[in-house]
Amino acid sequence: MLLPLTFPAYASIQDISGPQINVIESDFNSEQATSFVSWRTENGLHHTAAGSSTGSINVFSFYPTNTSSSDSRARLTVTLPSEHNPPTAPSSSPSHSRRHSRSLQSPSSLSFNQALINVSARARVVSGVSREQVEAPKNYVDFEDEPGRLKDILRSNSKHKRTLADSILPSFDRGVVIEQSPVPASPPLLPTLPNSPSGVSSTSKNKDDPRSLLSATNSPTFPPGSLSAPPSPRQLSPHFDSSPSRGTVKSSIILDPCGPGHAASAMRYIEAVDLLVVLQESGNLSAFDMRDSTCVATCECTTTRSYQDQFWKWEAIRIVFTGDNTYHILACASPSQPPFAETFGLADDPRDSKARLNMFELSVGDPHGVHPTRFERLASDVWQVDGPATGVELLVDTDGSFQLMYINSTNYLVTRCLTVIPAYEIRARGRSFTSSPTHSQEDHRSLAIPNPFKAFGSKSAESIAILGQNNNSGTEQGSIPPTIATSNLGRVRLEEEESLGIVISSPEVLLQGITARYAGMNERIIGLAWSNTDITGFTVGEQEGSLTTFQVPFRSQGRIQGVHFTDDEAFVVLSDNISHYCLRRVDSDSNTATTSSGTSIIAQAIQTTAISGGPSLMLSWSRSSPHDVLALRQLRSGQKEILVHTFNPVSTKQQRRILWRAQSPSSGTIPGGATLTSVLPVELNCVLLGYSDGHIRQTSLPCLLQRRYHVRPPPLSSFSPISGSDVLFDKVSDMRLPSSILNMHLIRNDRTGERFILGGTDDGGIAIWALESLKLQARFTPFIVPLTRVAQVLQSNETAGPLRGSLLCVSGDGTVAVVSMKGFEMLYLIPGASSPIARIYVGGDDNNRAILIYTDEFARVWDVESGEFLRATTEEKAKELVDASGWTNISLDKSELTSISISMLSGSAGPVSLCTLLLSLDRFLKYTSVNVKSSGLALSSSSTPSNATLSQLRAVLSVLLTPGVSPDIDEICESRLGTSPSPSTVGFASAHAATIYHHDHPVYAWSLSAKVSADRVLAIVSVLRTLSLAEELSHDCQTVITFYATSLAHVVGASYRAPDVAYLATQWFDSSNDIRQAAKTLFDAGIVRLSDEESIALVDAWQHHLPCLQPSLEKESAKSSLALFICGYMAAEKYSLLSTSSLIDISKSIASYLHDESSAHRGLAIDLCARGFQIWQHYIDAMAMLRALYTLATNTRKEAISAQNIGPQARLAVLQIASSNTPLFMTTLTLDILNPKTLDQRKAVMQLVAFMIRKRPLILYPNLPRLMEAVLKSLDPNSTASRDAVLDSATEIIGHVVKTFPTVDFHMATQRLAVGTSEGAFIMYDLKTATQLYVLEGHKRRPTACTFSPDGRRLVTMSLEEGVVLVWKVGSSFTSFFNPGAPPRQGHGGSLPFKTLNFNVGDEANMTIAGTLEWVKFEWPAERTVRLYIRESVLTFST
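Right, let's walk through the structure included here. (Residues numbered from 1 in each chain as written. Predicted model: local features only at pLDDT ≥ 70, side-chain atom pairs only at ≥ 80, totals over all residues. Heavy atoms only, no water.)

## Observations concerning the overall build of the protein
From N to C terminus, the protein includes 30 helices and 70 strands. Among the 1439 residues that make up the protein, the fraction classed as buried is 58%. Put simply, the protein shows about 58700 Å² of open surface, and 49% of that area lies on carbon and sulfur atoms. (Helix = DSSP H or I, 4+ residues; strand = E, 2+ residues; numbered from the N terminus. Buried < 20%, exposed > 50% of the residue type's maximum accessible area, 1.4 Å probe, protein only. Areas by Shrake-Rupley, 256 points an atom, 1.4 Å probe, with all protein chains shown as cover.)

## Looking at helix 12 (residues 967-975)
Of the residues making up helix 12, those classed as buried are Ile969, Asp970, Ile972 and Cys973. The buried residues of helix 12 occupy an angular sector of 160 degrees when projected down its axis, which confines them to one face. Facing away from the buried surface of helix 12 by more than 90 degrees, the exposed residues are Pro967, Asp968 and Glu971. The secondary structure elements touched by the buried residues of helix 12 are helix 15 (1034-1046). (Arc of directions from axis to C-beta. Contact = heavy atoms within 4.5 Å.)

## What to know about the side chain of serine 622
Relative to the elements of secondary structure, serine 622 occurs in strand 34 (residues 618-622). In this structure the side chain of serine 622 is engaged in a polar contact, spanning 3.2 Å, whose partner is the side chain of serine 624. Not counting residues up to four positions away in its chain, the partners in contact with serine 622 are Ser38, Trp39 and Arg40. (Polar contact = N/O pair within 3.5 Å; in protein donor to acceptor, adjacent residues only side chain to side chain.)

## Considering the sheet that holds strand 61 (residues 1312-1316)
Taken in spatial order, the four strands of this open sheet run 60-61-62-63, and their pairing is antiparallel. For this open sheet the edge positions go to strand 60 (1304-1307) and strand 63 (1331-1337), each flanked by a neighbour on one side alone. On average, adjacent strands in this sheet sit at an angle of 20 degrees to one another, irrespective of strand direction. Of the pairings in the sheet, the one linking strand 60 to strand 61 comprises four bridges and is antiparallel in character. (Pairing = 2+ DSSP bridges. Axes fitted to C-alpha atoms, helices over the stretch in contact; angles between N-to-C directions.)

## With respect to the packing of helix 14 (residues 1010-1027) against helix 17 (residues 1061-1070)
Running from N to C, helix 14 and helix 17 point in directions that differ by 45 degrees, and their axes come no closer than 8 Å. Comparing the axis directions of helix 14 and helix 17 gives the class oblique. Note that helix 14 runs across helix 17; the crossing there is right-handed. On helix 17, the residues touching Lys1011, Ala1014, Asp1015 and Leu1018 of helix 14 are Tyr1063, Leu1064 and Gln1067. Across the contact of helix 14 with helix 17, the residue classes break down as four nonpolar, one polar and two charged. (Parallel < 35°, antiparallel > 145°, perpendicular 65-115°, else oblique. Left-handed = near helix turned anticlockwise from the far one by under 90°. Nonpolar A, V, L, I, M, F, W, Y, C, P; charged D, E, K, R; others polar.)

## Looking at the sheet that holds strand 45 (residues 776-780)
Sheet architecture is open: four strands sit in the order 42-43-44-45, paired in antiparallel fashion. For this open sheet the edge positions go to strand 42 (741-748) and strand 45, each flanked by a neighbour on one side alone. Averaged over all pairs of adjacent strands, the angle between strand axes in this sheet comes to 20 degrees, irrespective of strand direction. Of the pairings in the sheet, the one linking strand 43 (residues 755-761) to strand 44 (residues 766-770) comprises five bridges and is antiparallel in character.

## Details of the packing of aromatic side chains
Aromatic ring pairs are defined here through the distance separating the ring centres and the angle between the ring planes. What the rule picks out here adds up to 26 aromatic pairs. Where tryptophan 862 meets phenylalanine 869, the ring centres are 5.3 Å apart and the plane angle is 65 degrees; that geometry is what we call edge-to-face. Residue class for phenylalanine 869 comes out partly exposed when judged on its relative accessible area of 30%. Relative to tyrosine 1129, the ring of phenylalanine 1125 lies with its centre 4.7 Å away and its plane at 65 degrees, an arrangement referred to as edge-to-face. Of the two residues, phenylalanine 1125 and tyrosine 1129 are both situated in helix 20 (residues 1118-1134); the distance of four residues between them amounts to about one turn of the helix. No difference in accessibility class separates phenylalanine 1125 from tyrosine 1129, as the two residues are buried. Members of the aromatic cluster, each reached through a chain of ring pairs, are Trp1068, Phe1069, Phe1083, Phe1125 and Tyr1129. The ring of phenylalanine 729 has arginine 697 sitting right over it, with the charged end atom 5.8 Å from the ring centre. When the ring centre of phenylalanine 1251 is taken as reference, the NZ or CZ atom of arginine 1211 above it lies at 6.0 Å. (Phe/Tyr/Trp six-rings, centres within 6.5 Å; stacked < 30°, edge-to-face > 60°. Lys NZ or Arg CZ within 6 Å of the ring centre and 35° of its normal.)

If you want it as structure tokens, here you go:
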């Protein structure tokens, strides 16, 4: 279990008198934005996510602000069609020539008319249309710099004349659904000119209805004679609200890996399931649940990390909905250069038209966690198309067939029908998806040493293309270049491609994007393609190859950032001017056309509104808020802000409002300060921080999490050299470097054991410090690009030759600097190559060779003694050489082992990721619990290891707790447990991302999601359990545990998200014992808190995956065991809610695990047996279950010992079952003693009896006669083998019984055993013959104790309830020969078989059975004198 801990206080060092720096804002300002997406949720909140070039994503939430006086009234809820949502009405499928391969439910391309807004006939009348070209508005105002001009514009707003946009007002006609809602909503949808009068979606019409996107009946009525081009719409007067709204940075997502080359290049939000799909340029595809910003699924776009994979930039994704919570995602990549290419002047070729594709199936999980959200890669690694990645689109038809559409390198529009093969067909064929080899063995390309980038720079797209591309010749002029010959790519099958015609006429235009959709009428495809400045529209008709294009009138000073269809008949263009367009249908003479006309019909785009947005870094439009465009812009001061441009079609007014603005400067512009640039956690009490001022500073984990402030001036050596710094460090490096320290590595001299820090600086330098003193030992500047990796060749490595005892420092361009550990002298440089180093081998016949294998599957051989380059070869031949003896692999990915409890994020870059450490809670608690247990835990201020451990626990606990929720708990934590409010924060770690939450109120931490609540409370309880090992803190820790486990819902209120029981159950399986116990505690509290309906729903979701219902291979799966965990404990707690069939399946599953010796989940079965045995016994063989537990509880075979350590667990289960179901337990016990299947079983059961006597004597007390009789019969002398096998165990049992129970006594010399019964009788046994001699019946009530005289002739029995002592003569006599089986008589005249002695000790005789075991005993001071002890009373009797 990993916990991301963020310590923003150390992100920068500045003068204490300077302004406080917000690390999140500073980081956001300094990072380059690479993607930006927005959406609006049902509660009216705007949200945005901004991706950066370093792989981080900042998620913002904004509270709604009333934009008009009507917002306070009940709003009209308008249902908006979503391109990813399931269809609400059936639609016809296209009939033009396309091959459909399969039928799946798909989203219908709903017309804008289905948005329930119609345009009246009057509003469709447009006049004054001229042939003037549309020009972009030129009255843009920089509202930050020209407030006066803004006021003038706002003042003149009411004087504008009525325009085209002013006349377009919505009217509600039949078919409109109006709902009253008190929640303020976004303004009504943007009206467009071509709307059908009926208000019925054109996608729901049948083929006989000619009205469609471009039909005459749906087009506005224009005066004849002037239809060639509409005039420019009037610039709408903006209303500007300069006061920022209540916006906040909700969370920061740090992708793994992050840093340069891992930018979040594309993001798409799926509204229906609240998921954000993120594509990194390195090829990682992730899905995030935006309720809590956690990563729920991840996948890689490629299966191999080859040379080609390294330099493909994945930059675009397309998502289509295909039904049943399933989405298909197409990821697109373009050829790129390595990260260091810019340093050497190798820029990307913008005209390289190759695109690499891959397809994924995203299955959205269920709310109970049975089927988690997951990606499945569908295509292999060889899928390429001849066209830019930005020009690829994926469409899904209403019958479920896919259509791949792209614009190729010659600007032709190409379509291919695409089929996804079902997974079961692939499994049936046994097909494996592997990449084709990229090079043959005979391909011996030379690697130029002087210019390592020459080979790379000269390679064309064709030279690195994957084998299998079709190179057919004889194609017609203008046809598309050849693509992949095969049509099968894993589970993706492509049919013949179809070239439809040229879309973009100018070959100089660089395509920036494409969007298309099924228009829904007349089965047409309508699309838009754009460059930075121009937009071209196209339609695909019913007949094969019928492609028509039309130009979109657009002019703007800024580049086009996106084009989005709002429906079939309208679209919006995002640029400096936000323009809305509608489409109409015209003939070749620009007259309004109908489908019945015989002339050629084309489309025409009409600009309806234009909003002056101004220059922005990023713009975003979403279907959930169609009249809002959110903009990310950066001010001249370097601060970023987020604005929203809102257009209200009713009032035809624009509102521009600031949602959020950063208050802190960029991280690199902090005056008089230094920013954090690298982190190296060595151990819990030694964390090294590298800063931009060239210093290394040492601190500890407690100090990082609880920033210390000095009260009086400490020695200067303890402080940062920054004047006025308020951060107290343990150590600071002695010399300041002239550049920032970008990374640090821990190295160790294996001869002296001394440890050093090797750091890389941003100027390509290397510096080495001594760890103990942080004194600089050496410094070099061998590289052009910074250091990235370090490998150490140990002195003990005899095959390394001259490289023994040296360091291999690898830079970003693959250059290797060899540095000697002795004296830290740089020996020589090995030049870099055009691709990164994959592996290094040293050795050879004379131990002076080095082989460097690169990711492009080539290798170089060097003479390390002379530093000469020997030859270049292929990776395969290099491996053949290495397979020979005498070579050693030098690991590049692992240096000297650092802390096992804390680690950095992979590729950390930027203040937020650098200020975040991953704490392995399992290892941390294991380490600290050992220290806490082993120490005396004197809670003084001494610097003992125990107090250092307590400081670490308190520091982590301070971050996890949420002060302010309960004042009473805060008082306990601060005054008794020693915690204090921490400026640090804790996030949520998932497989490939860490989410950091930013909130000011403690309630927010418990209002995110059930999973986040479970993760946090589990960490709190786990740390508190470890802290409670300190005796002085145990009681207070238990109080806080109880509060967080049971009382949070009451104090947080309605926003509380109770911990997810399925997540807690998962942690029980995946975590260490310390966390498992905490997870079990919280899980039990969680199922008690669930309502009956929630409990039934949870069991219904999981019961179908119980082990007994699965095939043999699936019984041990993680899902089956998790299902048994959830259903089993739920049944034990709330069995009355479950059906009989469910209880039967649960019981059978428990028995299945319990009886399977090879099962890894026997511990779970044992615990469930103990928890609900009284339930399971009705549905399975209860005695068989008990016998299995007996065996596990007493098994001492070495082969039975496992990591689960189920023996103690089984013994505890036996004790619990014996306490709750004593009759069945004793019956099974005695039967197994008397009639065992094997002698080993009888011996094991008797060992269990001895264990029960020691641990639970009161359970056996009522059944002592039955038990002792069974033990005696096992000693039958007629069965010599059986007697010899159990003799030791039986003797041990008899000894424990006599020692524990006063009602049983044994006389060694005569081998007699006396056992008292609850009815008042005593049974005499002879162990020699293993038979019962006789029964002594004298007491009328329950006896309390008995004892033999030293000579064995007399037995003294006593009953506290009667207040009498009976003396029996049990020795052999003459009369016993005439009356066998009866004791000799004794007493007055020999009439009674005993002598009665009365006594009275008053209230001291009142005691429980447990009290008699402790406070009643006999003692024989003489042969005829017995002394009886009852509590403090002593009675002496003469026998």
